[in-house]
Amino acid sequence: VLENEAKLQQMKDENKDPYDIKKFQEVLGESEMMIPDSISRRDKTLEDLREYVALLRKDEADNAELMECEWMVEANKICGEDSSEATKEDPAEIAVTVVDGLAEGEAF
């Protein structure tokens, strides 16, 4: 959003076509509206992950292969050492996965 705000200001400073400026303002407004929804969906997904990890720890505690697999290790990093205790990372500290260059259906 900050980059787009700077670009919008640059367009205004360079006296670009008013129609282009108006359309870019609309795009910027839509981007700003998406941020709260994206944060909400991220937080809901993290909570779902914490619940699922806690369930796996309870139901599959004796399954060492599952508890030590790469996906479980990564889930534990995100959830904290004990998700039943709800040890939570600050959502702002959660890493963002860049998927810009991925083709549809391609794994990351």
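Keep in mind that this is a model prediction, so the values were computed, not measured.

**A closer look at the overall build of the protein chain**
No. 1: A count of helices and strands for the protein chain gives four helices and zero strands.
No. 2: Ordered by position from N to C terminus, the α and β elements of the protein chain give α-α-α-α.
No. 3: Counting only residues that meet the buried cut, the protein chain has 18% of its 108 residues in that class.
No. 4: Here the contacts in the protein chain between residues at least 6 apart in sequence split such that 46% fall between residues at least 24 apart.
No. 5: For the protein chain, the accessible area works out to roughly 8700 Å², and carbon and sulfur atoms hold 53% of it.

**Structural notes on the confidence of the model for the protein chain**
No. 1: Averaged over every residue, the pLDDT of the protein chain is 80; residues scoring 70 or more account for 74%.
No. 2: Note that residues 82–88 has pLDDT below 50 and, in this model, 14 contacts with residues that lie over four places away or in other chains.

**Some points on the packing of helix α1 (residues 2–13) against helix α2 (residues 18–59)**
No. 1: Running from N to C, α1 and α2 point in directions that differ by 165°, and their axes come no closer than 10 Å. Classed by the angle they form, the pair α1 and α2 counts as roughly antiparallel. Considering the relative orientation of α1 and α2, their crossing is left-handed. In this structure, α1 contributes N4, E5, K7, L8, M11 and K12 to the contact, and α2 contributes D20, I21, F24, Q25, L28, S31 and E32.

**Considerations on α1**
Every α-helix winds through 3.6 residues per turn, so residues three or four apart in the chain are directed the same way.
No. 1: Along its twelve residues, α1 runs 16 Å from first to last C-alpha, staying within 8% of the 16 Å computed at 1.5 Å per residue.
No. 2: Directly beyond the C-terminal end of α1, a positive phi value near 50° is found at N15.

**Thoughts on a nonpolar patch on the surface**
No. 1: A cluster of nonpolar side chains, contributed by V1, I35 and I39, occupies part of the molecular surface with about 210 Å² of accessible area.
No. 2: Here I39 is to be found in helix α2.

**Structural notes on the environment of E5**
No. 1: Here E5 is to be found in helix α1.
No. 2: Of the residues examined, E5 reaches a relative accessible area of 33% and is grouped as partly exposed.
No. 3: Linking E5 and Q25, residues 20 residues apart in sequence, is a C-alpha distance of 8.6 Å.
No. 4: If near-sequence neighbours (up to four positions away) are discounted, E5 is found in contact with L28 and E32.

**Notes on helix α4 (residues 70–79)**
No. 1: Those residues of α4 that fall on the buried side of the exposure criterion are M72, A75, N76 and C79. Down the axis of α4, the buried side of the element spans an arc of 100°, and every buried residue falls inside it. Pointing more than 90 degrees away from the buried face of α4 are the exposed residues E70 and K77.
No. 2: Buried residues along α4 sit in contact with α2 and α3 (64–67).
No. 3: Of the residues trailing α4, G80 is marked for its positive phi of about 100°.

Calculation rules
- Residues numbered from 1 in each chain as written.
- Predicted model: local features only at pLDDT ≥ 70, side-chain atom pairs only at ≥ 80, totals over all residues.
- Heavy atoms only, no water.
- Helix = DSSP H or I, 4+ residues; strand = E, 2+ residues; numbered from the N terminus.
- Buried < 20%, exposed > 50% of the residue type's maximum accessible area, 1.4 Å probe, protein only.
- Contact = heavy atoms within 4.5 Å.
- Areas by Shrake-Rupley, 256 points an atom, 1.4 Å probe, with all protein chains shown as cover.
- pLDDT = per-residue confidence, 0-100.
- Axes fitted to C-alpha atoms, helices over the stretch in contact; angles between N-to-C directions.
- Parallel < 35°, antiparallel > 145°, perpendicular 65-115°, else oblique.
- Left-handed = near helix turned anticlockwise from the far one by under 90°.
- Expected span 1.5 Å × (residues − 1).
- Patch = residues over 30% accessible without salt bridge, like charges linked within 9 Å, V, L, I, M, F, W, Y side chains within 5 Å.
- Salt bridge = Lys/Arg side-chain N within 4 Å of Asp/Glu carboxyl O.
- Arc of directions from axis to C-beta.

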